Amino acid sequence: MGRRNGSGGCVAVTIKDVARQANVSVATVSRALNGHENVAKAVRERVLHVANQLRYSPHHAARSLSSRRTHTIGVVLPDLYGEFFSELMRGIDQVARERRLHLLVSSYHGNPEEQGEALRAMRGRVDGLLLMSPFVGASASLEQNLSPAMPVVLMNSDVPGDGKPSLRVDNYGGARAMMDHLLGAGHRRIAFVAGPEDNFDARERLRGYRDALAERLPGAEPWILPGDFDEASGHRAGGALFAAPSRPDAVFAANDMMALGCLFALSQAGLRVPQDIRIAGFDDIPLARYVHPSLTTMRVDIAELGGRALRLLLDAAADPAAGEAGPREDVAPLVPQLMVRASTA
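Asker: Please provide a residue-by-residue account of the sheet that holds strand 8 (residues 190-193), values included.
Answerer: Spatially, the four strands line up as an open sheet ordered 9-8-10-11, and their pairing is parallel. Of all strands in the sheet, those bounded by a partner on one side alone are strand 9 (223-225) and strand 11 (278-280). For this sheet, the mean inter-axis angle between neighbouring strands, taken without regard to orientation, is 20°. The pairing of strand 8 with strand 9 spans three bridges and is parallel. Bridging across to strand 9, A191 finds its partner in W223. Taken strand by strand, helix 10 (residues 231-243) contacts strand 8, strand 9 and strand 10 (250-253), and its axis lies near 135° from that of strand 9. Against the sheet, helix 11 (residues 256-268) engages strand 8, strand 10 and strand 11, with an angle of about 160° to strand 11.

Listed below in structure tokens is the structure:
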């Protein structure tokens, strides 16, 4: 997009145009678009608003090939640490290599302001964007920090997205399936190690635990311990369970990393799994099948989630009108598969 000249042609919008309309210097526009901290919040928001209105793209895109394509896909994730994100990137990278595309990857560590900076860093550098934003309340990031013309696919995100394609895991159904397995095996005292309170995946898995317990065991009190989707919080939960006046029959952790931390804590304390207590997780990271005892979990094909998201993005980029037709209700969620292993046998 650009300004129309007097003869009806299209003139590319420059950084000077943005500066003139935002009533700031060119240097301030540059700092605001590149996420520098020495720009007042109100000024940055005004610059971004004007840049979006004018459909301004930084010079990285203008320097690209005559097709104006960078042949690069942006990936913005909440973190890069751990087997989940490693598997996710493996799936994305496999499809990118098949299509001869490059990847530009960034993370924001669960911080909404850093997420905005990561998104702004993608402007003009990528042909499309994969965004995983599972943190509740991040819905304004796309509108504030990206051009409306940017093809975007959301992954496991609680972001309205304004009609952008969204791909999710059926976290709620997966948690209910695990509870059906544990309750069906005769366990009645089932503790749940929850994930971060502001995380969409964690909330859905907790909701599945609560609803299954309420329906299958009316009157039973939920037994919920705090967690943070990492091994350390699972280890703390395991220590708390061991020190409790009475212990559960089984522990269902909202992800495998917490389940493994809990397993280690209980083993350290002298409890045998599964003889004394059962443990189950969610995700089926590669390590889950190689620990002792091997971990019962809900298998999410994490690599397929990444690969499928990129294929969906390339479809959206090839047909821009698809992203303007309203919410994409036709993108079926990935359904987790119950993997029963020795930790609940």
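Back to the text.
Asker: I'd like to hear about the pairing of strand 6 (residues 152-155), residue by residue, with values.
Answerer: What you see with strand 6 is no split at all: V152 and L154 on one side and V153 and M155 on the other are buried throughout. Note: strand 5 (residues 128-132) against strand 6, four bridges, orientation parallel. Note that in strand 6 the partner of M132 across the bridge is M155. Alignment of strand 6 against strand 7 (residues 166-167), held across two bridges, turns out to be parallel. When the sheet's bridge partners are listed, L154 is paired in strand 7 with S166.

Asker: So what's going on with the environment of A40? Residues and values would help.
Answerer: Note that A40 resides in the loop between helix 2 (26-33) and helix 3 (41-54). By relative accessible area, A40 is classed as partly exposed at 47%. A40 sits 12 residues away from T28 along the chain, and the two C-alpha atoms are 9.9 Å apart.

Asker: Give a detailed account of the nonpolar core, specifying residues and quantitative values.
Answerer: Membership of the largest hydrophobic core comes to 68 residues, with the highest contact counts inside it found for L88, L130, F252, I279 and L310. Residues in contact with L88, not counting those within four places in the same chain, are L77, M132, M155, I302, L305 and G306. The next biggest cluster of nonpolar side chains, apart from the first, holds 15 residues, and it includes V18, A22, V29 and A51.

Asker: Describe the packing of helix 1 (residues 15-22) against helix 2, and please don't skip the residues or the numbers.
Answerer: Contact geometry of helix 1 with helix 2 gives a least axis separation of 8 Å together with a crossing angle of 100°. Comparing their axes, helix 2 and helix 1 come out roughly perpendicular. Every residue of helix 2 that contacts helix 1 at I15, K16, V18 and A19 is listed here: V26, V29 and S30. A breakdown of the residues in the contact of helix 1 with helix 2 according to their chemical character gives five nonpolar, one polar and one charged.

Asker: Any details on the sheet that holds strand 6? Residues and values, ideally.
Answerer: If you walk across this open sheet you meet the five strands as 4-3-5-6-7, and the pairing is parallel. Strand pairing shows two members of the sheet lacking a second neighbour, strand 4 (102-107) and strand 7, which therefore form its edges. Those strands touched by helix 6 (residues 112-122) are strand 3 (72-77), strand 4 and strand 5, and its axis lies near 180° from that of strand 3.

Asker: Tell me about the packing of aromatic side chains, and please be specific about residues and values.
Answerer: Counting across every chain of the model gives three aromatic pairs. Consider the rings of F192 and Y209, whose centres lie 4.8 Å apart with planes at 20°: the pair is stacked. Note that F192 is positioned in strand 8 and Y209 in helix 9 (residues 200-216), a separation of 17 residues in sequence. We classify Y209 as buried; its relative accessible area is 0%. Here the aromatic rings of F192 and F252 are separated by 5.2 Å at their centres, their planes lie at 80°, and the arrangement is edge-to-face. Here F192 is found in strand 8, whereas its partner F252 is found in strand 10, with 60 residues between them in sequence. Using a relative accessible area of 0% as the deciding quantity, one classes F252 as buried. An aromatic cluster is defined as three or more aromatic residues linked by ring pairs; in this entry it consists of F192, Y209 and F252. One residue, R205, lies across the ring of F282, its end atom 3.8 Å from the ring centre.

Conventions adopted
- Residues numbered from 1 in each chain as written.
- Predicted model: local features only at pLDDT ≥ 70, side-chain atom pairs only at ≥ 80, totals over all residues.
- Heavy atoms only, no water.
- Pairing = 2+ DSSP bridges.
- Helix = DSSP H or I, 4+ residues; strand = E, 2+ residues; numbered from the N terminus.
- Axes fitted to C-alpha atoms, helices over the stretch in contact; angles between N-to-C directions.
- Contact = heavy atoms within 4.5 Å.
- Buried < 20%, exposed > 50% of the residue type's maximum accessible area, 1.4 Å probe, protein only.
- Core = buried A, V, L, I, M, F, W, Y, C linked by side-chain atoms within 4.5 Å.
- Parallel < 35°, antiparallel > 145°, perpendicular 65-115°, else oblique.
- Nonpolar A, V, L, I, M, F, W, Y, C, P; charged D, E, K, R; others polar.
- Phe/Tyr/Trp six-rings, centres within 6.5 Å; stacked < 30°, edge-to-face > 60°.
- Lys NZ or Arg CZ within 6 Å of the ring centre and 35° of its normal.

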